[in-house]
Amino acid sequence: MYSLYTDAATQPQSGLSAGGILIIHDHHQIQLKVPLLAKTNHAAEFEVARLGFEKLSQLVGPASASTTVLFYTDSQIVNDSLTKHYAKHYQDQVDRLLVAQTPFQLVLAQWVPEKQNQGAHTLANQALHSAEVAK
């Protein structure tokens, strides 16, 4: 079983977004900071969640077919959209996220408050700060 935490950070003035991905398995962590193309926070949350599943799929490889993933997000819209398989303004992102989950045997998504997602949150903010400095 793997735990996947994702979070996005967006700077509305600059239009920059970045994400944090935290993967936990057997008490080991993989921490990733990723630049994002999204210009809004909601779109960035969907993008980093998709990237998190894609990175996890690459990491696990063929064993994904027998892998359970506990997915944690502090984005209510991402969590609700996964439950409903629908989001009025983000359907394309929902569809891409659902495709990214298909390699796994089971994905259990759960909304968590921001304070319980500090690992991914910190990574996202660090990545955003790096992107702002580089700009």
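Before going into details, it helps to say that this report is about the structure given with it. Residue positions are given per chain, counted from 1 along the sequence in the order it is written. Note on the predicted model: pLDDT of at least 70 is required for a residue's local features to be given, and 80 or more for side-chain atom pairs to be given and counted; whole-chain, interface and lining totals, by contrast, use all residues. Values reported for side chains reflect all heavy atoms of the structure, with hydrogen atoms and water molecules removed beforehand.

Points about the pairing of strand S1 (residues 2-11)
For every residue, the accessible area obtained with a 1.4 Å probe (protein chains only) is divided by the maximum for its type, and the residue is called buried under 20%, exposed over 50%, and partly exposed between those limits. We count a stretch as a helix when DSSP gives it H or I for four or more residues in a row; a strand needs E for two or more, and each element gets its number in order from the N terminus. Among the ten residues that make up S1, nine are buried, leaving the element largely enclosed by the rest of the structure. Pairing analysis gives five bridges linking S1 to strand S4 (residues 68-73), with the strands arranged parallel. Counted as the bridge partner of serine 3 is leucine 70 from S4. Strands were regarded as paired on the criterion that DSSP finds at least two bridges between them. In the sheet, S1 pairs with strand S2 (residues 16-25) via nine bridges, with the strands oriented antiparallel. The residue bridging alanine 9 from the neighbouring strand is alanine 18, located in S2. In this antiparallel pair of consecutive strands, S1 and S2, the connection spans four residues, and glycine 15 shows a positive phi of 75 degrees.

Notes on helix H3 (residues 91-101)
Listed in full, the buried residues belonging to H3 are Val94, Leu97, Leu98, Ala100 and Gln101. What you see down the axis of H3 is that its buried residues fit within an arc of 155 degrees, all on one side. Contacts made by the buried residues of H3 are with helix H1 (41-60), helix H2 (76-84) and strand S5 (106-111). In this description, the arc belongs to the directions extending from the helix axis to the C-beta atoms. Should any heavy atoms of two residues lie within 4.5 Å, those residues are considered in contact.

Some words on the packing of H2 against H3
Relative orientation of the contacting elements H2 and H3 amounts to 70 degrees, with a least axis distance of 10 Å. In this view, H2 runs roughly perpendicular relative to H3, as classed from their interaxial angle. The hand of the H2/H3 crossing is right-handed. Only Val94, Leu97, Leu98 and Gln101 of H3 make contact with H2, whose side of the interface consists of Val78, Ser81 and Leu82. Taken together, the residues of the contact of H2 with H3 break down into five nonpolar, two polar and no charged. Only the stretch in contact is used when a helix axis is fitted, and all axes are lines through C-alpha atoms; the angle between N-to-C directions ranges over 0 to 180 degrees. Throughout this description, any angle smaller than 35 degrees is read as roughly parallel, any larger than 145 degrees as roughly antiparallel, any in the 65 to 115 degree range as roughly perpendicular, and the remainder as oblique. It is the rotation of the near helix from the far one that decides the hand of a crossing: anticlockwise by less than a right angle makes it left-handed, clockwise makes it right-handed. Gly is put with the polar residues, along with every residue not named as nonpolar or charged; the nonpolar set is Ala, Val, Leu, Ile, Met, Phe, Trp, Tyr, Cys and Pro, and the charged set is Asp, Glu, Lys and Arg.

A closer look at the packing of H1 against H3
Two quantities define a packed helix pair, namely the angle between the axes and the distance from one axis to the other. Running from N to C, H1 and H3 cross one another at 15 degrees; their axes reach a closest spacing of 8 Å. Regarding the angle of H1 to H3, the classification is roughly parallel. The hand of the H1/H3 crossing is left-handed. Here Ala43, Phe46, Ala49, Arg50, Phe53 and Glu54 of H1 lie close against H3, whose contacting residues are Gln93, Val94, Arg96, Leu97, Ala100 and Gln101. Class assignment of the residues belonging to the contact of H1 with H3 gives a composition of seven nonpolar, two polar and three charged.

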